[in-house]
Amino acid sequence: MSLDLIYLLGFQLLASAACLVSSNARVRFTAMVLSAVSFLFSAHMFFEIRQNGAVQFLVDVPWISSLGVHFKVGMDGISFILVQLTNLLVPLIILSSFNRDITRPKAFYSLILFMQFALNGVFTAQDGFLFYIFWELALIPIWFICLVWGGEDSPRITLKFFIYTLTGSLCMLFALIFLYLQTPAPHTFDLDAFYALELEPGRQALVFWMLLAGFAVKIPLFPLHTWQPDTYTDAPTPGTMLLSGIMLKMGIYGLIRWLIPVVPAALDEWGHLAMMGAVAGIVYASCIALMQADFKRLIAYSSIAHVGLISAGILTRTPEGLQGGVVQMVAHGINAIGLFFIADMLMHRMRTREMAKLGGLAHREKIFSVCFMIVLLGSIALPLTNGFVGEFLLLNGIFQYGPWTALFAGTTVILGAVYMLRAYKAIMLGEDREANNDFTPLHLNEKALLVIVAALVLITGIWPSCITSVTEPAISNLLMLSKG
Amino acid sequence: MNPYLLIPLLPLLGFALNGTIGPRMPGRVVSWVSCGSLLVSFALSVKLFLELSAGQESVTVHAFSWIHAGSLHIDLSFLLDPLSSVMLLVVTGVGFLIHVYSIGYMKADEAYPRFMAYMNLFVFFMLLLVMGDNFVVMFAGWEGVGLCSFLLIGFWFRNHEFNEAARKAFVMNRIGDLGFLLGMFLIYRQFGSLDYQTVFESARLMPAGDPALVGIALLLFVGAIGKSAQIPLHTWLPDAMAGPTPVSALIHAATMVTAGVYMIVRSNVIYTLAEPAATAVLAIGLATALLAATIALRQNDIKKVLAYSTISQLGFMFVAAGMGAYTAAVFHLVTHAFFKALLFLGAGSVIHGLDGEQDIRQMGGLRRHMPRTHATFLVGTLSISGIPPLAGFFSKDEILAMGWSHAAMVFVALAFASVLTAVYMFRLYWLTFHGAYRGDKHAHESPSVMTLPLVVLALLAAVGGFIGAPSYLHLPHGLKSFLEPVIAMPAAHVVSHSFEYALAGISVIVLVAVIFITRYMYVTRSRIPLEPGEERGLGRILSRKYFIDELYHSMITAPLRGLSALFAVFDRYILDAVVNAIPRIIRSASGRLRLIQQGNIGVYVLGTAAGVVFLLIVSMLL
């Protein structure tokens, strides 16, 4: 039995605590080093994972035996990639905050690392109860980050966010308990037992809607997205990065792991409704993104469009759609971090993100304009960037589901180009301006972050097999489960 | 490693080098890197061409495996066959000449290394497009050239109008690209693969007119409409003239815009079996050839005339492809690359010699100041107008002859468009190079680094037609026999030799007439075109390009903006308001419910008793 996962989770929990006892001046470096160690440790598992689709690094110990709850964690290819994504992005998120004034830094970084712990737990939990615990544990740090370090309106916005996502979680909890009660006595929360259930369609439908509510709020899917633009815009940049880069993947991961294989019959019956919501969200959010004045808000809406596409692709239950979904989750995580960081740099230097008030910044820092362009191209899915691989597979999967649906979903190809290029034009192009003197030279950490993100955009776009070869067998396993 | 992988790789390296350390290198090194990489690519392309024409089989070169999911496997691999070989020669050959020319044209620009880097990147993507062994690699090149086109149109990014033109080009192309994407998905659904070989071999076995084939052909053609600026997605190309002139020559005349034609010829198996789609190609090509030619009659910007001319000539190529005359389409593609690159570079030389002046009303009499530019431009004009035995004559005649055997209507329309071509080209020629000089800038000839490529291109535009000489000259049609392995069913050439002689004779007479009439109008009578605002009637419609931009604005841009505003309002004031109302309802409901607990035990007992009674009634009823 490999204890790697226990070491990883335990280390992350300790790392979070270590930040609290660090000093205010040094805590950012402490957090950086600790999260880098997490990354290196989880990256070394690349050498150990076998591409056979099985759940590996499995640890299974009884926890609350009276309820049949186990502490059961493990990873198949999909979990593995999401764990890698989390542990790759958290150091980058910490790096992005280096030259920003952060009050109470010890608490701040401790919460980020705690969040990392909870996210790793969500992506590895193989027990429904444990999954729920991690799911809620992930909510707490991000809620504090948004509330304490957010903008002026944060109490109202975070309350709304909290109520939204808690309601969703309760629906999810209801579904998990319902599933638990369906398992043969003595009941269990074990995921494999859930997979083995063959519920009658009516019960499947109930579970489907309850789980979907929980996941759709997190992702968020149209029309449950109205917490998202405000929260993303108001949260401090590392918080926004955590939310969009990683946390929303919890919802999508939930669809893949806890919804599709558990209630296949309900998906046959009701899946098209969820699909409609996802696809409608693509067009809807893209259209709204067209007229945003604030760059960060624009990215927030474009994110709704992107995750709508990912969810739609996953709901097709085709290998292309699911593989595209996983690839695009990674791509979206990387690109979202890049774009939100760019928005943060604008805010930090120019004290505005309003595109009408910016312009001509391409005359300033070359590395900034080049990396911005590369990340933008990734986000509008130009071939040889990461966004293309995902979008191509997703749309392909959606096309196999329904050509007209693909046509609707495909409008993101056009609209995405429209609003992203408009933003680039407004911010970067045109005559240089006096106000641009505020755009001071980039710090080393800023350069490093931009270059890393841009390099990742290209590497995963040219060599997506580093992701797909790991996830391929896991996806075919899942699809077999969901087809009965 | 296969040495031919270097063909696309070298320009990519050139881009990487000039793009990163270019600004720190001397300008001469930048020029050597970018032109040198292309020259080697060209040499390799020639080697490949010689091997293929010596009878060597086509080869597939596998680079690495790119995307796979389920049964979908997409490799980054290249196909070296006669068709890609012809395209390689055009892209690297003409591309090299334009790169050399750019040294003279752009050297003074502060961002010269960036320019050369983008140009090399463009060539890389173009090579990817024509060398790809499956539709996805073609698409990667296809979108990549679109990106480079965007970067180069907006090269002078201080200017908002240029940036807007760049964005418009990218977005209009993206509309087409969505069609291309959907076409690929349909191919995958139908054939389970996107590799040329698998797809075409299975397609060959399908019945003609199969709906799936028609669908694929139509969807891919949507992509071609965008990339090759056909109606209704043509409006980006004239605006794209905002880019530096070598860009217009390379991207917006000789190579990128012909990608749509290449794609159809590459997929000729599908189009041959998809009659309705081929007819659509023919119809759109014909309409575009005519519409753009008429607009070109009333443009006063030297580059805009050439831009509409390009759109019109691309229309000719699509007509050929739509008739199944794929060789003729490629033939015209090649000769057009020669003479249109020549004309654009000539125009660039004029603009360079006049310090940026592009309005032909400010020109005139330039042949005295720019003898070499003038002579080469004249060759280009004669070639595009179709004077025998220049290149344009042969390729256009082949399409016309095909049109005659296809349908008389097609022939008449094409002949009319050909006459219009001669009219707008000679109008341009006389107004630019003859008569009295009307401008106030000091006109001067360009340096030889610019005029030398002009001379080479003029030679090609003059004699390039002999790669596809018609049978009545009793010369071999080299192109046709070379492309034989790629083109499934070459359209039968059923026109008699006497008809072809008559066609050649009549076209010479008509052209000579056009030359003299336009000379009389623009030189003897020295008629100067009007401002667009002064035009009346038909002239006004033509100078305003049939108001298509305005139409799109009111039909698409404005409604989209309205929709987006509507959604934004809905999101904020309806959807979000509903969500916000829920806690408010709960709060007010709980406010009322709280009043029940006022501490009076009698009321509680009453309530309990009422509940018990209620439950009893319910249990009895059930």
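Note: the structure precedes this text.
Notes on the structure in this doc start here.

### So, the overall build of chain B
Part 1 of the argument: Along the backbone of chain B there are 24 helices and two strands.
Part 2 of the argument: Each principal axis of the C-alpha distribution contributes one length, and for chain B these read about 115 × 60 × 55 Å.
Part 3 of the argument: Out of the 622 residues belonging to chain B, those deemed buried represent 59%.
Part 4 of the argument: Across chain B, every contact between residues at least 6 apart in sequence was considered, and the portion connecting residues at least 24 apart equals 80%.
Part 5 of the argument: Working note: accessible area of chain B is about 23,600 Å², and carbon and sulfur atoms make up 69% of it.
Part 6 of the argument: Between the averaged position of the 39 positive side-chain charges in chain B and that of its 33 negative side-chain charges there is a distance of 9 Å.

### A few points about the nonpolar core
Across soluble globular proteins, you tend to see nonpolar side chains buried next to one another.
Part 1 of the argument: A:Phe131, A:Phe295, A:Phe392, B:Trp66, B:Phe135 and B:Leu194 are the most contacted members of the largest nonpolar core, which has 415 residues in total.
Part 2 of the argument: In terms of residue count, helix α15 (residues 326–353) of chain B provides more of this core than any other element does, 18 residues in total.
Part 3 of the argument: The residues that make up this core include at least three from each of domain 1 (320–330 + 350–538) and domain 2 (549–621) of chain B.

### What to know about the interface of chain A and chain B
Part 1 of the argument: Contacts between chain A and chain B engage 57 residues on the former and 55 residues on the latter.
Part 2 of the argument: Taken together, the two surfaces of chain A and chain B that pack against each other cover about 4,900 Å², and 71% of this comes from carbon and sulfur.
Part 3 of the argument: Looking only at chain A, the three residues that lose the most surface to chain B are A:Phe392, A:Phe399 and A:Lys425, adding up to 12% of its buried area.
Part 4 of the argument: In this assembly, chain A and chain B are joined by four salt bridges.
Part 5 of the argument: Between A:Lys160 and B:Asp576 there is a salt bridge; the shortest N-O distance is 2.5 Å.
Part 6 of the argument: Where chain A packs against chain B, one counts 18 residue pairs in polar contact (both at pLDDT 80 or more).
Part 7 of the argument: For the side of chain A that touches chain B, the leading source of residues is helix α16 (residues 403–428) of chain A, giving 13 residues.
Part 8 of the argument: By residue class, the composition of the side of chain A that touches chain B is 36 nonpolar, twelve polar and nine charged.

### Digging into helix α1 (residues 6–20) of chain B
Residue and element names in this part refer to chain B.
Part 1 of the argument: Compared with an ideal rise of 1.5 Å per residue, which puts 15 residues at 21 Å, α1 spans 20 Å between its outermost C-alpha atoms and is within 8% of the ideal.
Part 2 of the argument: Along α1, the positions that sit buried rather than exposed are Ile7, Pro8, Leu10, Pro11, Gly14 and Asn18. One side of α1 carries all its buried residues, which in axial view fall inside an arc of 160 degrees.
Part 3 of the argument: In this fold, the buried residues of α1 make contact with α2 (27–53), β2 (72–80), α3 (82–106) and α4 (112–131).

### Quick word on the pairing of strand β1 (residues 56–64) of chain A
Residues and elements named next belong to chain A.
Part 1 of the argument: By the bridge criterion, six bridges tie β1 to strand β2 (residues 69–75) in an arrangement that is antiparallel. Residue pairing for β2: isoleucine 64 is matched across the bridge by valine 69.
Part 2 of the argument: Between β1 and the antiparallel strand that follows it, β2, lie four residues; glycine 68 among them carries a positive phi value of about 70 degrees.

### Thoughts on the packing of helix α14 (residues 302–322) of chain B against helix α18 (residues 408–433) of chain B
How two helices pack is summed up by the angle between their axes together with the distance between the axes.
Residue and element names in this part refer to chain B.
Part 1 of the argument: The interhelical angle for the contact between α14 and α18, taken along N-to-C directions, is 160 degrees, at an axis separation of 11 Å. In terms of orientation, α14 and α18 fall into the roughly antiparallel class. Classified by chirality, the crossing of α18 by α14 is left-handed. In this structure, α14 contributes Ile302, Val305, Leu306, Ser309, Ser312, Gln313, Phe316 and Val319 to the contact, and α18 contributes Val410, Leu414, Ala417, Ser418, Thr421, Tyr424, Met425, Arg427, Leu428 and Thr432.
Part 2 of the argument: Along the lines of polarity and charge, the residues of the contact of α14 with α18 split into eleven nonpolar, six polar and one charged.

### Thoughts on the side chain of B:Thr518
Residues and elements named next belong to chain B.
Part 1 of the argument: Following the sequence through the fold, threonine 518 ends up in helix α21 (residues 497–524).
Part 2 of the argument: With a relative accessible area of 3%, threonine 518 lands in the buried category.
Part 3 of the argument: A distance of 3.0 Å separates a polar atom in the side chain of threonine 518 from the backbone oxygen of isoleucine 515.
Part 4 of the argument: Contact partners of threonine 518, with chain neighbours within four places excluded, come to Val423, Phe426, Arg427, Trp430 and Val523.

### Brief notes about a nonpolar patch on the surface
Part 1 of the argument: Where nonpolar side chains cluster on the molecular surface, the patch consists of B:Val612, B:Val613, B:Leu616, B:Ile617, B:Met620 and B:Leu621 and spans about 630 Å² of accessible area.
Part 2 of the argument: If you trace the backbone, B:Val613 turns up in helix α24 (residues 601–621).

### Remarks on the packing of aromatic side chains
All names here are of chain A.
Part 1 of the argument: Here the structure, examined in full by the defined rule, presents 58 aromatic pairs over all chains.
Part 2 of the argument: Here the aromatic rings of phenylalanine 29 and phenylalanine 98 are separated by 5.3 Å at their centres, their planes lie at 80 degrees, and the arrangement is edge-to-face. Taken together, the positions of phenylalanine 29 in helix α2 (residues 27–44) and phenylalanine 98 in the loop between α3 (77–96) and α4 (105–124) put the pair 69 residues apart, joining distant regions of the chain.
Part 3 of the argument: Taking the relative accessible area as the measure of exposure, phenylalanine 29 reaches 46% and is therefore partly exposed.
Part 4 of the argument: Phenylalanine 98 sits in the buried class, given a relative accessible area of 14%.

What counts and how
Residues numbered from 1 in each chain as written. Chains lettered and ligands numbered in written order. Predicted model: local features only at pLDDT ≥ 70, side-chain atom pairs only at ≥ 80, totals over all residues. Heavy atoms only, no water. Helix = DSSP H or I, 4+ residues; strand = E, 2+ residues; numbered from the N terminus. Buried < 20%, exposed > 50% of the residue type's maximum accessible area, 1.4 Å probe, protein only. Contact = heavy atoms within 4.5 Å. Areas by Shrake-Rupley, 256 points an atom, 1.4 Å probe, with all protein chains shown as cover. Lys, Arg positive; Asp, Glu negative; His and termini not counted. Charge placed at Lys NZ, Arg CZ, Asp CG, Glu CD. Core = buried A, V, L, I, M, F, W, Y, C linked by side-chain atoms within 4.5 Å. Domains from an automatic or database assignment. Buried area = accessible area lost by both parts, 1.4 Å probe. Salt bridge = Lys/Arg side-chain N within 4 Å of Asp/Glu carboxyl O. Polar contact = N/O pair within 3.5 Å; in protein donor to acceptor, adjacent residues only side chain to side chain. Nonpolar A, V, L, I, M, F, W, Y, C, P; charged D, E, K, R; others polar. Expected span 1.5 Å × (residues − 1). Arc of directions from axis to C-beta. Pairing = 2+ DSSP bridges. Axes fitted to C-alpha atoms, helices over the stretch in contact; angles between N-to-C directions. Parallel < 35°, antiparallel > 145°, perpendicular 65-115°, else oblique. Left-handed = near helix turned anticlockwise from the far one by under 90°. Patch = residues over 30% accessible without salt bridge, like charges linked within 9 Å, V, L, I, M, F, W, Y side chains within 5 Å. Phe/Tyr/Trp six-rings, centres within 6.5 Å; stacked < 30°, edge-to-face > 60°.

On their own, these measurements won't tell you what the molecule is for.
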